[in-house]
Amino acid sequence: MALFNFKKSEGPDAGCLSPEVESFLQGYSIEVMPRTAAKVDNFGDILPEGTRVYIAHIEGTPIEDMVDTAKRLNAEGFDVMPHFPARIIKDASTLQDWIARYQGEANVDQALLLAGGVTTPHGDFDSSMQLLETGAFDAAGFKHLHVAGHPEGNKDIDPDGSMKNVDDALRWKQDFSTRTDAKMALATQFAFEAGPIIEWADALKAAGIDLPIHIGIAGPAKLQTMIKFAIACGVGPSLRVLQRRAKDVTKLLLPFEPTEVISELAAHKAANPDFNIAQVHFFPLGGIKTNANWAIENGGAAATPKNA
């Protein structure tokens, strides 16, 4: 089959595969929504076999659409990890219903638990910790439970700009990981600078929080699109990377790619094998196919599509 036309990466080493980056991208995951997934004819044409695909549950999306998307991805041979946003789940009965639907119709046994993007809870739950405490996922035999991480903090959780509440929550989740049979990991918000990500990951490990980190990376997108999402998602100081780029009129119309941040993280991982970032998780802000193309171009065998 024919693959998509690839755009060459920027920089002096454009077109050259890096063994460090190829290794770092091994087993990467990617996020979709039902409406964006519907634009892809077959995920096997763009994603490696067995790729974990998160399904973002945005407020107002019917659970039927979520389950249908999970069912389709499972049928195409991919690991499915739907979001369970606590603040849009009305009560324990609703939670049990969602779990039963995902399991019964789409063979789902993994989930990303998070508070969710709404300010006012729709019902009984306010945090991912409350979802974990129900015991519903363990009772259903879920094998993987991921929770949110915030390398640059989260103003919704810590309005004063500190990391206190975020760090307290991570300590609670670390403790819970010893009380569940499921494998737990942190799936993080995206950021644009490697240095602060490395410092954050090292600080967690030093504090005794050793949950594997699946680092959030924004896939290629127009600069204006990237800035819009970064502001909406509360990206912190690393937003300055985009702001500097916006001042360069020669690059204003070019897509912003994650080449630099991934290359730096990959080099650090290669030099420090015990570095706690285990995998890359892509937010395809410029489109799923665009993100997959970038991974194919830069990831070599690690990103070869299932149907290639």
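In this report, the structure presented in the accompanying data block is examined. (Residues numbered from 1 in each chain as written. Predicted model: local features only at pLDDT ≥ 70, side-chain atom pairs only at ≥ 80, totals over all residues. Heavy atoms only, no water.)

### Looking at the pattern of salt bridges
Stated precisely, the cut-off is as follows: The salt bridge definition used is simple: a Lys or Arg side-chain nitrogen within 4 Å of an Asp or Glu carboxyl oxygen. A helix here means a DSSP run of H or I that spans at least four residues, while a strand means a run of E at least two residues long, and both kinds are numbered starting from the N terminus.
As enumerated under the stated definition, the model contains 8 salt bridges in all. The shortest N-O distance in the salt bridge between D97 and R101 comes to 3.1 Å. One end of the pair is D97 and the other is R101, both in helix α4 (residues 92-106) and 4 residues apart, which spans about a single turn. What you see here is one network of salt bridges that share partners, running through E64, D97 and R101.

### Brief notes about the nonpolar core
Taken as a class, soluble globular proteins show a tendency for nonpolar side chains to be buried jointly. In plain terms, the rule: We call a set of buried Ala, Val, Leu, Ile, Met, Phe, Trp, Tyr and Cys residues a nonpolar core when their side-chain atoms join them within 4.5 Å. Partly exposed describes any residue whose relative accessible area lies between the buried limit of under 20% and the exposed limit of over 50%, with all areas from a 1.4 Å probe on protein chains only and scaled to the type maximum. By definition in these notes, contact holds between two residues if any of their heavy atoms fall within 4.5 Å.
F43, F84, F137 and L265 are the most contacted members of the largest nonpolar core, which has 72 residues in total. In terms of residue count, the dominant contributor to this core is helix α8 (residues 194-206) (6 residues). L265 has contacts with F24, A194, I197, I198, I215, I217 and I277, leaving out every residue within four places of it along the chain. Formed by 9 residues, the second largest nonpolar core is a distinct cluster that contains F190, F192, L223 and M226.

### Focus on the packing of aromatic side chains
Cut-off, in case you're wondering: The pairing test for Phe, Tyr and Trp rings, Trp by its six-membered ring, is centres within 6.5 Å, and the orientation test on the planes gives stacked under 30 degrees, edge-to-face over 60, and tilted for anything in between. Only lysine NZ and arginine CZ atoms are considered, and such an atom sits over a ring when it is within 6 Å of the ring centre and within 35 degrees of the ring normal.
For the structure on display, the rule yields 10 aromatic pairs. Between Y28 and F282, the ring centres sit 5.3 Å apart and the planes meet at 80 degrees, which makes this aromatic pair edge-to-face. Highlighted residues: Y28 in the loop between α1 (19-24) and β1 (29-32) and F282 in strand β10 (residues 277-283), separated in sequence by 254 residues. Judged on exposure class, the residue Y28 and its partner F282 are both buried. Taking the centre distance of 6.1 Å and the plane angle of 50 degrees together, the rings of F84 and W98 count as tilted. Residue F84 is found in strand β3 (residues 79-85), and its partner W98 is found in helix α4; the two are separated by 14 residues along the sequence. The exposure class assigned to F84 is buried, which follows from its relative accessible area of 0%. Residue W98 is classed as buried on the basis of its relative accessible area, which comes to 7%. Taken together, the ring pairs in this structure connect F84, W98, Y102, F137 and F142 into an aromatic cluster. The lysine or arginine in question, R179, covers the ring of W172, its NZ or CZ lying 5.7 Å from the ring centre. Just above the ring of F78 sits the side chain of K306; from NZ or CZ to the centre is 5.7 Å.

### Some words on the pairing of β10
Quick reminder of the rule: A pair of strands is treated as paired once DSSP finds two or more bridges between them.
Burial analysis of β10 places 5 of its 7 residues in the buried class, the great majority of the element. Note: strand β7 (residues 213-218) against β10, 6 bridges, orientation parallel. If you follow I213 over to β10, its bridge partner there is I277.

Function cannot be inferred from these measures alone, as they are strictly geometric.
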